[in-house]
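Examining the three-dimensional arrangement
Chain by chain, the residues run as shown.
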Amino acid sequence: MTNVELDQLSINTIRTLSIDAVQEANSGHPGTAMALAPLVYTIWNRVLRFDPQDPIWPNRDRFVLSNGHASMLLWSLLHLTGTRAVNADYERLEEPSVTLEDIRRFRQLGSKAPGHPEYHWVSGVETTTGPLGQGIATSVGMAIAEKWLATRYNKPAFNIFDYNIYSICGDGCLMEGVSSEAASLAGHLALDNLCWIYDHNHITIEGSTQITFTEDVAARFLSYRWNVLRLGDANNIDQIDCALQEFHKTKDRPTLIILDSHIGYGSPHRHDTAAAHGEPLGPDEVRSTKRAYGWPEDVQFRVPEGVREHFSAGIGIRGASACREWTTLFANYRAKYPELATEIDQMQRRELPVNWDCNLPVFPEDPEGLAGREVSGKVLNILARNIPWLLGGSADLGSSNKTLLTYQGAEDFQAATPGGKNLHFGIREHAMGAIVNGLSLSKLRPYGATFFIFSDYARPAIRLSALMELPAIFIFTHDAMGDGEDGPTHQPVEHLASLRAIPGLTLLRPGDANEVVEAYRVIMQLRHRPAILVLSRQALPTLNRRKYASASGVARGAYVLADALGGKPDIILIATGSEISLAVQAHEKLVSEGICSRVVSMPSWDIFEHQTQEYRDSVLPPMVKARVAIEQASTFGWERYVGNSGRVIGMQTFGASAPLKELQKEFGFEPERVVLVAKEILGKAYSRGNIKKRSFSAPC
Ligand SMILES: Cc1ncc(C[n+]2csc(CCOP(=O)(O)OP(=O)(O)O)c2C)c(N)n1
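Residues numbered from 1 in each chain as written. Predicted model: local features only at pLDDT ≥ 70, side-chain atom pairs only at ≥ 80, totals over all residues. Heavy atoms only, no water.

Rule in force here: UniProt positions are given in the numbering used here, feature names are shortened, and annotations may be inferred rather than shown by experiment.
As recorded in an unreviewed UniProt entry, the chain goes by the name Transketolase, listed as coming from Nitrosomonas aestuarii. The record in UniProt for the chain states the following under Catalytic activity (unreviewed entry): "D-sedoheptulose 7-phosphate + D-glyceraldehyde 3-phosphate = aldehydo-D-ribose 5-phosphate + D-xylulose 5-phosphate". Its UniProt record gives the chain the following Subunit (unreviewed entry) comment, quoted word for word: "Homodimer."

Description of the overall build of the chain
So the rule is basically this: The helix and strand labels rest on DSSP assignments: H or I over at least four residues marks a helix, E over at least two residues marks a strand, and numbering proceeds from the N terminus. C-alpha atoms define the radius of gyration in this analysis, and the globule rule sets the expected value at 2.2 Å times the number of residues to the power 0.38. The criterion used for residue contact is that any of the two residues' heavy atoms lie within 4.5 Å. His is not counted, nor are the chain ends, whereas Lys and Arg count as positive and Asp and Glu as negative. For charged residues, the charge sits on one atom: NZ in Lys, CZ in Arg, CG in Asp, CD in Glu.
In terms of helices and strands, the chain carries 25 helices and 22 strands. Here the chain has a C-alpha radius of gyration of 28 Å; the compact-globule value for 700 residues is 27 Å, and the two agree. Referenced to the eigenvectors of the C-alpha coordinate spread, the extents of the chain come out at roughly 95 × 60 × 50 Å. Considering only intrachain contacts with a sequence separation of at least 6, the fraction spanning at least 24 residues in the chain is 76%. In the chain, the 69 positive side-chain charges and the 79 negative ones have mean positions that sit 6 Å from each other.

Concerning the UniProt feature "binding site: substrate" (unreviewed entry) in the chain
Look at the UniProt record and you will see "binding site: substrate" (unreviewed entry) annotated at His-29, His-277, Arg-373, Ser-400, His-478, Asp-486, His-490 and Arg-537. Turning to its location among the elements, Asp-486 is positioned in the loop between strand E14 (473-477) and helix H18 (495-500). Among the structural elements, His-490 can be located in the loop between E14 and H18. Among residues more than four places away in sequence, those in contact with His-490 are Phe-451, Ile-453, Phe-454, Ala-480 and Asp-483.

Comments concerning the pattern of salt bridges
Our working definition: The salt bridge criterion pairs a side-chain nitrogen of Lys or Arg with a carboxyl oxygen of Asp or Glu, the two atoms within 4 Å. Here's how the labels work: a residue is buried when its accessible area is under 20% of the maximum for its type, exposed when over 50%, partly exposed in between, all with a 1.4 Å probe on protein chains only.
Within this structure, the stated rule accounts for 34 salt bridges. Salt-bridge contacts for Asp-260 lead to Arg-230; the nearest nitrogen and oxygen are separated by 3.2 Å. Here Asp-260 is found in strand E9 (residues 255-260), whereas its partner Arg-230 is found in strand E8 (residues 227-231), with 30 residues between them in sequence. The exposure class of Asp-260 is partly exposed, given its relative accessible area of 22%. Note that Glu-631 and Arg-500 form a salt bridge whose closest N and O atoms lie 2.7 Å from each other. Taken together, the residues Glu-631 in strand E21 (residues 627-634) and Arg-500 in helix H18 connect sequence positions 131 residues apart. With respect to class, Glu-631 is no different from Arg-500; both count as buried. Because the salt bridges share partners, they merge into one network encompassing Asp-7, Arg-46, Asp-238 and Asp-241.

Quick look at the domain arrangement of the chain
Note the cut-off: These domain limits were set by an automatic method or by a database of domain assignments.
You can read the domains of the chain as domain 1 (3-324), domain 2 (366-541) and domain 3 (560-688). Distance between the C-alpha centres of domain 1 and domain 3: 52 Å.

Focus: unusual backbone geometry
Look at Asp-396: it is not a glycine, yet its phi comes out positive at around 75 degrees. Assignment of secondary structure puts Asp-396 in the loop between strand E11 (390-394) and helix H15 (398-401). With a phi angle near 60 degrees, Glu-469 is a residue other than glycine that sits in the positive phi range. When you line up the elements, Glu-469 lands in the loop between helix H17 (455-467) and E14.

Focus: the side chain of Thr-576
The condition is simple: Think of a polar contact as two N or O atoms within 3.5 Å of one another; within protein, one of them needs to be a possible hydrogen donor and the other a possible acceptor, and neighboring residues in sequence only count if both atoms come from side chains.
Inspection of the secondary structure assignment puts Thr-576 in the loop between strand E19 (571-575) and helix H20 (579-592). The class for Thr-576 is buried, based on a relative accessible area of 0%. At a separation of 2.8 Å, a polar atom in the side chain of Thr-576 contacts the side chain of Arg-509. Ignoring sequence-local partners within four residues, the contact set of Thr-576 consists of Arg-500, Arg-509, Met-602, Ile-630, Glu-631 and Trp-638.

Overview of the sheet that holds E19
The following threshold applies: Two strands qualify as a pair provided DSSP detects at least 2 bridges between them. Inter-axis angles, ranging from 0 to 180 degrees, are taken between N-to-C directions of lines fitted to C-alpha atoms, where helices are fitted over the stretch in contact.
Taken in spatial order, the 5 strands line up as E18-E20-E19-E21-E22 in an open sheet, and their pairing is mixed. The sheet is open, and its two borders are formed by strand E18 (559-562) and strand E22 (647-651), each paired with just one other strand. Strand after strand, the sheet turns through a mean of 25 degrees between neighbouring axes, direction not considered. Where E19 and strand E20 (residues 597-601) come together, 5 bridges link them in parallel fashion. Each bridged residue has a counterpart across the sheet, and for Ile-572 the counterpart in E20 is Arg-598. In the packing of H20 onto the sheet, the strands contacted are E18, E19, E20 and E21, and the crossing angle to E20 comes to about 170 degrees.

Some points on the nonpolar core
Selection criterion: By nonpolar core is meant a set of buried Ala, Val, Leu, Ile, Met, Phe, Trp, Tyr and Cys residues that side-chain atoms within 4.5 Å join together.
Counting 225 residues, the largest nonpolar core has Trp-75, Trp-196 and Leu-573 as the members making the most contacts within it. Among the elements that make up this core, the one with the highest residue count is helix H5 (residues 134-153) (11 residues). Beyond its immediate stretch of four places on either side in the chain, Trp-75 contacts Val-98, Ile-103, Phe-106, Lys-112, Ala-113, Pro-114, His-116, Pro-117, Glu-118, Val-122 and Val-125.

So, a negative patch on the surface
Quick reminder of the rule: Note on patches: the residues involved have over 30% relative accessible area and no salt bridge, like charges join within 9 Å, and the nonpolar side chains Val, Leu, Ile, Met, Phe, Trp and Tyr join within 5 Å. The protein chains shown are the only cover counted for residues, whose accessible areas, like all others here, come from Shrake-Rupley with a 1.4 Å probe.
There is a patch of like negative charges on the surface, built from Glu-485, Asp-486, Glu-662 and Glu-666. With respect to the helices, strands and loops of the structure, Glu-662 is situated in helix H24 (residues 660-667).

A closer look at the environment of Asn-159
Relative to the helices and strands, Asn-159 resides in the loop between H5 and strand E4 (165-169). Each C-alpha atom of the pair Asn-159 and Tyr-333 lies 9.7 Å from the other, and the pair is 174 residues apart in sequence.

Some remarks on the sheet that holds strand E15 (residues 506-508)
The parallel open sheet is built from 6 strands, whose spatial order is E12-E11-E13-E14-E16-E15. Of all strands in the sheet, those with a lone pairing partner are strand E12 (422-424) and E15, marking the two edges. Strand-to-strand twist across the sheet, computed as the mean angle between neighbouring axes with direction ignored, equals 20 degrees.

This is the structure:
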């Protein structure tokens, strides 16, 4: 068979595997996979520097399928290239990443061919996609990472990092706003290692894009300062190859290749029908489509002889030799630059350098105290010096979020200074979230920041970082009513509850300067979960840690900060963040009146939930039913800690515009109110006979 014939056979294998898998699963989108098979074939077998034997080789090209509904493309490629699986300890295994059996069980429980590409579930998937727009936005983070890595680690004659990022997207991805945010930043940063290929098929689920999407995409991307190429025939692999070579030659700007295609290519009836999206073709059409491809009509999941070998001869040999050369290069690099090589090793395994936490401050008691964001800024500057690959920035609020790295040598990341660690995302929170994910997928340790209220704008990406188990860091300041005069548009209320609801995410709301330091200590050691740090705008008193418990309790999510004598409380005040000092004041008052109270500082529900039952019971003894939770946020969810007999002092409205002091009074965040509520529920608890009645003035 000639190479041309083998190319076509391989493309049709990808197509028919997709058709059969969707048919067998009775769900999925076959049309896009059929149309884009020549494109992905060309990228993978002719261009991509990817070694199927070592899918986590650090200098591999990245491939992102942003239109994740066409996941069968990826499963076919990973299978046909014989890509190997990698385990959670980054060991390359003998077994394949995706077997033919997985493809037969497309979209079934346990299959390595799930509905959409899932990082962390299938080796060879570079990022989880499916929510349209996320993949391409994430690819911008990958491109920034490559530029940064190349600048820091490449040395004369040692191009340790010089990879490219290819991402395929459809109308859906480009309609989503996040694509505009991300593309605008990519153009500004002149990321010439980034290539998006736009499947321009004029169709989405509801039908023709004539009803929704008639903008001039080429003009839009030209205005972003991208190079824009156009290809008229999605089946001409030489033309596709040529366009990809053009991308390689393009310097100082990213490339968008607009590819005119027809959904469901090869299917006699499904051209330009929305049904080609979410439905299998049906047995008759499967047969006629296979006939059109010159395929046996009644054979399923067929991989003809010569196809696997053709991939081995293409991407297999090219990838293996590139990986081998790199391994030798890196060995020589290690001999010459052992410290830099160690950094790369540590980064790949998501480890921290020794002494990563040296010079972390301890703050003395201070009734005036410091703002959470202020302390965060100090800690971040220390950590970023200790951990070379810790970098990030804010969505235009760096000076408010205190995320700017200000030490000597901490530059801005710009096109001309790609080694900088201060990223400027601009007012693009959604893209920031996705870019942070892209940086993390590239094994850097990134943070992104904004006001807590605007975490909503980044939420889809935050959710994905949790799903992907990435140790991304989100720093959200102005966490409650601290920016009083800005009013309800700027006062987060439901955000804590809603982010706490995301599985696999660690959220911390520290209550004083030392808790902020300890929160960072916890966050930095996370290897497989994202963290959200929620910080105050205003100064919070720094507690006397000789009188109260050590802030190291933060590591357990919640701890007894102040206690009744003998550790036998009648009432427990549970608080987080700025309400810690309020709880302590109320506690002192209660104690002075002879009421045995305990203050539990609970910066992280999630971490607390992971402690042993014994520890949790020691902090919140089940016998003690009189409990008050205090948090300047929605009360939603606190029932789990205060139970039926407890009360929550929180927010039921969106707040208001006024100076903080007035808001605290208006919404009841004052020690007197906490004391009152405590006494009220103690009264109730007495009357229910839960605890022994004791005079309020008796010593406890
Ligand atoms: C954020 C988001 N909204 C909606 C969907 C549901 N969805 C899946 S595919 C699709 C149509 C995508 O159209 P297009 O990108 O043009 O893909 P093509 O028609 O080329 O397959 C939609 C709306 C989604 N996956 N993500």
